[in-house]
Amino acid sequence: MKIRMAPSLLASDFLHLERELRRAEEAGADLLHCDVMDGVYVPNISFGFSVLEPLSRETRLPLDVHMMTVCPDRYADKLAKLGAASVTIHSDAMDPERTADTLRAIRDSGMRAALALSPKRPAADLVPYLSLLDMVLVMTVEPGFGGQSFMEDMMPKVSEVRRMLDRENPSCEIQVDGGIASGTIARAAEAGANVFVVGTASFRAEHMGDALASLRGIAEGTGSL
Ligand code: DX5
Ligand code: ZN
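About the cut-offs
Residues numbered from 1 in each chain as written. Chains lettered and ligands numbered in written order. Predicted model: local features only at pLDDT ≥ 70, side-chain atom pairs only at ≥ 80, totals over all residues. Heavy atoms only, no water. Disulfide = S-S within 2.5 Å. Buried < 20%, exposed > 50% of the residue type's maximum accessible area, 1.4 Å probe, protein only. Donors = N, O, S within 2.8 Å, 3.2 Å for Na, K, Ca; no water. Tetrahedral: all angles 85-135°; square planar, octahedral: opposite > 155°, others 65-115°. Helix = DSSP H or I, 4+ residues; strand = E, 2+ residues; numbered from the N terminus. 1 Å grid on protein atoms, 1.4 Å probe; cavity = no way out; pocket = protein on both sides within 12 Å on 5 of 7 lines; lining within 4 Å. Points joined across faces, edges and corners; volume = space filled by probe spheres on them. Nonpolar A, V, L, I, M, F, W, Y, C, P; charged D, E, K, R; others polar. Near = heavy atom within 4 Å. Areas by Shrake-Rupley, 256 points an atom, 1.4 Å probe, with all protein chains shown as cover. Sits in = over half its atoms within 2 Å of the grid points. Pairing = 2+ DSSP bridges. Right-handed = clockwise from strand over helix to strand, strands pointing away.

Draft legend 1. Up close: the state of the cysteines. In the structure shown here, the tally under the stated rule is zero disulfides. Looking at the unpaired cysteine 34, the closest cysteine sulfur is the one in cysteine 172, lying at 20 Å. Cysteine 34 gets classed as buried once you look at its relative accessible area, which sits at 0%.

What follows is the structure, encoded as structure tokens:
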């Protein structure tokens with residue numbers, strides 16, 4: 001599967017978002033990962049629609065919106081209107097009875113649908129939804145903050161998800177998010193991830209383009225897919 005790099009805006013300089021957007025574009029990003037946090041599902045508040053809307057008008061990068069909010073089903077329409085390319089919701093952030101409909105609504109609005117597993121959630125959470133997904137996000141830190149250490153013990157879950165998807169929905173991608181850097185990306189790629197969220201190791205690198213190119217090279221060299 002194609003390796004795709006998704007710098008996480010959370011690590012950017014919020015005072016100069018337009019400049020940061022250009023930096024990500026010039027660095028060869030494939031997606032712009034946008035972490036929306038509500039202070040309820042996670043113990044942190046980041047940004048919301050008033051930031052996403054101007055970003056989507058100003059960039060050619062697909063916006064990959066990671067909803068760390070309760071009731072993400074409330075926001076699918078709004079995300080579609082502002083032009084998000086993909087929306088990731090957390091399996092444990094909403095009424096399970098609404099999950100399938102929400103994933104369908106995301107797809108019906110022309111966006112890609114993804115379901116995220118926080119570290120404590122097992123791969124089995126995905127079972128009812130496998131055919132409705134374009135991407136699975138396996139969190140490699142507890143959601144809520146950038147700059148945390150990569151949880152190596154999530155790698156068996158990545159491999160398990162890859163095996164499930166190969167049987168049921170082989171074109172579905174696996175994204176990893178949290179602590180991705182030169183010392184960790186190879187293990188995630190080997191386990192079966194192909195979309196890499198990179199916050200600290202991209203926006204805060206000395207040279208973002210070099211950092212992304214080097215991470216991409218490592219992932220492509222060791223990816224087993
Ligand atoms: C954490 C967010 C991440 C975060 C990753 O809850 O979902 O996207 O920005 O940051 P790094 O790459 O610094 O771990
Ligand atoms: Zn994220």
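Having seen it, we continue.
Draft legend 2. Structural view of the coordination of the zinc ion (ligand 2). Summarising the metal site, the zinc ion (ligand 2) is bound by the protein donors His33 (NE2), Asp35 (OD), His66 (ND1) and Asp177 (OD), whose distances to it range over 2.0 to 2.3 Å. Coordination at the zinc ion (ligand 2) is octahedral, judged from the six donor atoms that bind it and the angles of 71 to 169° they form at the metal. Counting along the primary sequence, the residues that act as donors to the zinc ion (ligand 2) give the motif H-x1-D-x30-H-x110-D. Pair noted here: aspartate 35 is in strand 2 (residues 32-37) and aspartate 177 is in strand 7 (residues 173-177), with a separation of 142 residues, a long-range link. A relative accessible area of 4% places aspartate 35 in the buried class. Residue class for aspartate 177 comes out buried when judged on its relative accessible area of 9%.

Draft legend 3. Here's a closer look at the layout of surface pockets. Roughly 320 Å³ of volume is contained in the largest pocket. Around the largest pocket, the lining comprises 27 residues; the ones closest to its centre are Phe145, Gly146, Gly147, Gly178 and Gly199. Only strand 2, strand 3 (63-68), strand 8 (195-198) and helix 7 (200-203) provide two or more residues apiece to the lining of the largest pocket. Top contributing element to the lining of the largest pocket by residue count: strand 2, with three residues. Residue classes in the lining of the largest pocket are distributed as 13 nonpolar, eleven polar and three charged.

Draft legend 4. Focus on the site of ligand 1. Around ligand 1 sit 20 residues, and of these Ser8, Gly144, Asp177, Gly179 and Thr200 come closest. If ligand 1 stood free it would expose 380 Å²; the protein chains cover 99% of that surface. According to the grid-proximity analysis, the pocket containing ligand 1 is the largest pocket. Mapped by element, the contributors of at least two residues to the shell around ligand 1 are strand 2, strand 3 and strand 8. Among the elements that line the shell around ligand 1, the one with the most residues is strand 2, at three residues. Looking at the shell around ligand 1 residue by residue, the classes come out as eight nonpolar, ten polar and two charged.

Draft legend 5. View of the pairing of strand 6 (residues 135-139). Counting buried residues along strand 6, five of its five residues qualify, which places the element largely inside the surrounding structure. Of the two faces of strand 6, the one holding Met135, Leu137 and Met139 and the one holding Val136 and Val138 are both buried throughout. Pairing of strand 5 (residues 112-117) with strand 6 involves four bridges; the strand directions are parallel. Looking at the pairing, leucine 117 lines up with valine 138 of strand 6. With five bridges joining them, strand 6 and strand 7 adopt parallel strand pairing. Along strand 7, the bridge assignment pairs methionine 139 with aspartate 177. The parallel pair strand 6 and strand 7, bridged by helix 5 (residues 155-168), forms a crossover whose chirality is right-handed.

Draft legend 6. Quick peek at unusual backbone geometry. Even without being a glycine, cysteine 71 presents a positive backbone phi close to 50°. Examined against the element boundaries, cysteine 71 turns out to sit in the loop between strand 3 and helix 3 (76-82).

Draft legend 7. Expanded view of the pairing of strand 8. Along strand 8, one buried face is formed by Val195 and Val197 and the opposite face, lined by Phe196 and Val198, is buried too. Sheet topology note: the strand 1 (residues 4-7)/strand 8 ladder contains four bridges and is parallel. Within the sheet, the bridge partner assigned to alanine 6 lies in strand 8 and is valine 197. Two elements, strand 7 and strand 8, share three bridges in a ladder whose sense is parallel. Pairing of valine 176 across the sheet is with phenylalanine 196, part of strand 8. Following the chain from strand 7 across helix 6 (residues 185-191) to the adjacent parallel strand 8, one finds a crossover that is right-handed.

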